[in-house]
Every structure is written in C-alpha cells, then in structure tokens.
Amino acid sequence: MRPTFFIVFLVFCLLYGCNENNKIEEEISKIELDLNVSRFDEEFAQAQPENLADLKQRYPYLFPEQYPDSIWEAKLKDTVQRELFLEVQKAFPDFSEKEADLTDLFRHIAYYFPSVSVPKVVTLTSDVQYDTRVVLVDSLLLLGLDNYLGSGHHFYERIPKYIATSLESKFLVSDVASAFANKVVPRPKDRSFLAQMIYYGKQLYLKDKLMPNASDPIKIGYSQEEFDWAVANEEPIWRNFIEQEHLYSTDRQLAARFLDPAPFSKFGLELIDNESPGRIGRYIGWRIVRSFTERNEVGVQELLSIPAEELFKKSNFKPQK
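Now for a quick tour of the structure.

Calculation notes
- Residues numbered from 1 in each chain as written.
- Predicted model: local features only at pLDDT ≥ 70, side-chain atom pairs only at ≥ 80, totals over all residues.
- Heavy atoms only, no water.
- Salt bridge = Lys/Arg side-chain N within 4 Å of Asp/Glu carboxyl O.
- Helix = DSSP H or I, 4+ residues; strand = E, 2+ residues; numbered from the N terminus.
- Pairing = 2+ DSSP bridges.
- Axes fitted to C-alpha atoms, helices over the stretch in contact; angles between N-to-C directions.
- 1 Å grid on protein atoms, 1.4 Å probe; cavity = no way out; pocket = protein on both sides within 12 Å on 5 of 7 lines; lining within 4 Å.
- Points joined across faces, edges and corners; volume = space filled by probe spheres on them.
- Nonpolar A, V, L, I, M, F, W, Y, C, P; charged D, E, K, R; others polar.
- Parallel < 35°, antiparallel > 145°, perpendicular 65-115°, else oblique.
- Left-handed = near helix turned anticlockwise from the far one by under 90°.
- Contact = heavy atoms within 4.5 Å.
- Buried < 20%, exposed > 50% of the residue type's maximum accessible area, 1.4 Å probe, protein only.
- Arc of directions from axis to C-beta.
- Core = buried A, V, L, I, M, F, W, Y, C linked by side-chain atoms within 4.5 Å.
- Phe/Tyr/Trp six-rings, centres within 6.5 Å; stacked < 30°, edge-to-face > 60°.
- Lys NZ or Arg CZ within 6 Å of the ring centre and 35° of its normal.

Turning our eyes to something else, we now look at the pattern of salt bridges. By the definition in use, this model includes 19 salt bridges. Residue K30 is joined to E26 by a salt bridge in which the shortest nitrogen-to-oxygen separation is 3.6 Å. With a closest N to O distance of 3.4 Å, D216 and K219 form a salt bridge. Here K219 and D216 lie together in helix 10 (residues 216-220), a separation of three residues that amounts to about one turn. Connected through salt bridges with shared partners, the residues D208, D216, K219 and R290 form a single ionic network.

In structure tokens, the structure reads:
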C-alpha cells in the first residue's frame, strides 16, 4: 500500500468511525428516560421523631428492623450527623447537574443494555463509608454523598491520601458506571494475571461507551498527572510484565501489586514505584481491550464475553513508546 493511499484510507476510517459514533450518540439522546432522584439525606436531616414512621414506610431498606426507633431519634440529634448533613448541603445544594449526568449515563446503559431497568436513585450520608459509597442493585441506586466532599475535606484527614483523592464529586458518575460494569462484566474463570488485567480493561472500555464525554483520568480514577505518567511509561511497564513473566502467572500477589487500589504500583524498583500510580495493571488491560476493538468489530455485550486469551491474541497490542 503506497503511503499516500494509506493516509487517505486512514482518514476515511477515522471519519467513518466519527460518523458512526455521532449517529449512535444521536440515537441515545432521543431515548426517553425518567430518572427518579430522592434526597433522603435532606429529608432525614429535616425530620422530627414524629416523622420517622413516614420515612420508614417510604425507605424501608434504610431502616433495618433490628434497630429500634430510639437509634434513629438519637441520630437525628447527633452533632456529628448534623455536621455531615451541613457539609453535604454545602457540596450539593442543588443536585440537578449530577442528575443530568446520571440521566445521560443511564440513557447509554439503556442503549447498550435494553433489558436493564432504570433504578430509583437515593442520596444519603453513610458516615464516610467510602468502600460502599455507591450501592447498585436491580431497582435501587444508593449514593453516599458524604464520600464526595473533596480530597482535602477535614472528614478525610485520617484516610490514606490515595483513597482521599478519589473522594471528589467529579468521580461520582464514574463510580456509578463502575458499579454497573461490575455487575455486567463476567469475572474470568482463568486466574492468570493477564485475564485479571483484561477483566478490568473490559470494565474501563465499557465506561468508554457509557461515558463518551468523560476524560480518561476520570474513568480510571487517576489525576491528570497520574494518567500522564501511565501513558508516558506504557512501554517499560509492559516490558517489565513480559520480562518478569507475569502475564500467565497465577500468583495472587500480582493483584495486590498492580490491580488493587494502592498508593503506587509495586514493580520492586524504588524510583518507578514512588512515581507510579496504583492499579497500573488495569490501565494496561484497558489499552489491550481498546487495541482489540480497533481491529475487531464486535458489539459491546459480545465483547464482554470474549475469553481473555482470545481477546489478547486478536488485539495485536503494542505499547506506546
């Protein structure tokens, strides 16, 4: 293929891809979707003991039967709870912008997963339980807004910095997309490090489709600096994985070193470790899945079921240099 023809062909492919994406986004924008958002955090903070029966009737899933009313009455008066509410009110006096973003997210979910029902959204305070900041079940989405007050908030002073940096409102919709991806992306039966990387890569690629206007750092939960480091060091990261024979290893420690939330990834090289963000294996898995989709036309749901080894071989993945 002559260079001139190759350039023309490449431009044609890019334009065709853009037109296809624009067409899909136009179809998605026309999906009628009614997202119901209830601010339980506000309702509870403004309640009186005599209102508890009504709240319990409307939100039974938030009032476990084993706890007597005296527990909830005490919580209404608790100074820490009052401060939680006030800080959430400062951060989220108006939820309309997030509601619009969530509506857009669930329009995309409805397009790619038409059998999925739109959940009722309930905002609340959770005593900064950041591990369960988002809870998504079939018909219900619970959002702990006290986990999105900003990384420098005094509530987070005793929380490790690498976790506190994720407690920003800009990550809220991305966290909801992650909760959905966790439900629909099948966990691999293969225990290899490669399979685990591609599992997370599929989740992140799904966020590409569900959140097309979001930045890559937001999708993966990195700062811009962390993401730039990952991009700049993609080739040495991949070379390390190959040279250390990590890809087909089933050593469980590899997940802790490269996939699980952590302050940094653990290559065993002091300089790189100190500079690297955690979860770098997820980033590499994402790049592999993206490489596959650039070379193979498959639907989103079909992609999620492709075995890791097959996807990897067909991806022809080459790290950026």
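If you walk across this open sheet you meet the four strands as 1-2-4-3, and the pairing is mixed. Strands at the two margins of the open sheet, each flanked by one partner only, are strand 1 (37-39) and strand 3 (134-137). Ignoring strand direction, the axes of neighbouring strands in this sheet form an average angle of 15 degrees. Relative to strand 4 (residues 140-144), strand 2 (residues 120-124) runs parallel, the two being bridged by five bridges. Directly across from L124, in strand 4, lies its bridge partner G144.

The next subject is the layout of surface pockets. Here the second largest pocket is characterised by a volume of approximately 1200 Å³. In this structure, the second largest pocket is lined by 39 residues; those nearest its centre are R133, D175, P261, R279 and R282. When residues of the lining of the second largest pocket are traced back to their parent elements, those giving at least two are strand 3, helix 7 (161-164), helix 8 (172-184), helix 9 (193-210) and helix 10. Considering each element in turn, the lining of the second largest pocket owes the most residues, six residues, to helix 8. Grouping the amino acids of the lining of the second largest pocket by side-chain chemistry returns 17 nonpolar, 10 polar and 12 charged.

Where helix 8 meets helix 9, the closest approach of the two axes is 9 Å, and the angle between their N-to-C directions is 125 degrees. Taken together, the axes of helix 8 and helix 9 are oblique relative to one another. Seen from above, helix 8 lies across helix 9 with right-handed handedness. Where helix 8 approaches helix 9, its residues S174, A177, S178, F180, A181, N182 and V184 are matched on the opposing element by Y199, Q203, L206, K207 and L210.

Moving on to helix 17 (residues 308-315). Taken residue by residue, helix 17 has A308, L311, F312 and S315 as its buried positions. Viewed end-on, helix 17 has its buried residues packed into an arc of 100 degrees, placing them on one side of the element. Looking at the packing, one finds that the buried side of helix 17 touches helix 9, helix 12 (234-243), helix 15 (280-295) and helix 16 (300-305).

Grouped together as the largest cluster of nonpolar side chains are 76 residues, with contacts concentrated most on L105, L143, F241 and I280. With 11 residues, the single largest contributor to this core is helix 9. One finds F40, A47, Y59 and L76 within the second-largest nonpolar core, a separate group that totals 14 residues.

Here we take up the pairing of strand 3. Of the two faces of strand 3, only the one carrying V134 and L136 is buried; V135 and V137 on the other face are not. By the bridge criterion, four bridges tie strand 3 to strand 4 in an arrangement that is antiparallel. Its bridge partner being in strand 4, V134 is matched across the sheet by L143. The hairpin formed by strand 3 and strand 4 contains two residues between the paired strands.

In this section: the packing of aromatic side chains. A complete count under the given rule lists 18 aromatic pairs for this structure. An angle of 80 degrees between the planes, with centres 6.1 Å apart, marks the rings of Y67 and W72 as edge-to-face. Classification of Y67 as partly exposed rests on a relative accessible area of 41%. You can call W72 buried: its relative accessible area is 9%. Consider the rings of F193 and F241, whose centres lie 5.2 Å apart with planes at 85 degrees: the pair is edge-to-face. Taken as a pair, F193 in helix 9 and F241 in helix 12 lie far apart in primary sequence, 48 residues in all. A relative accessible area of 3% places F193 in the buried class. Of the residues examined, F241 reaches a relative accessible area of 0% and is grouped as buried. One aromatic cluster in this structure is built from F40, F44, Y59, Y61, F63, Y67 and W72. Seen from the ring of F264, K266 lies directly overhead, with NZ or CZ sitting 5.4 Å from the centre.

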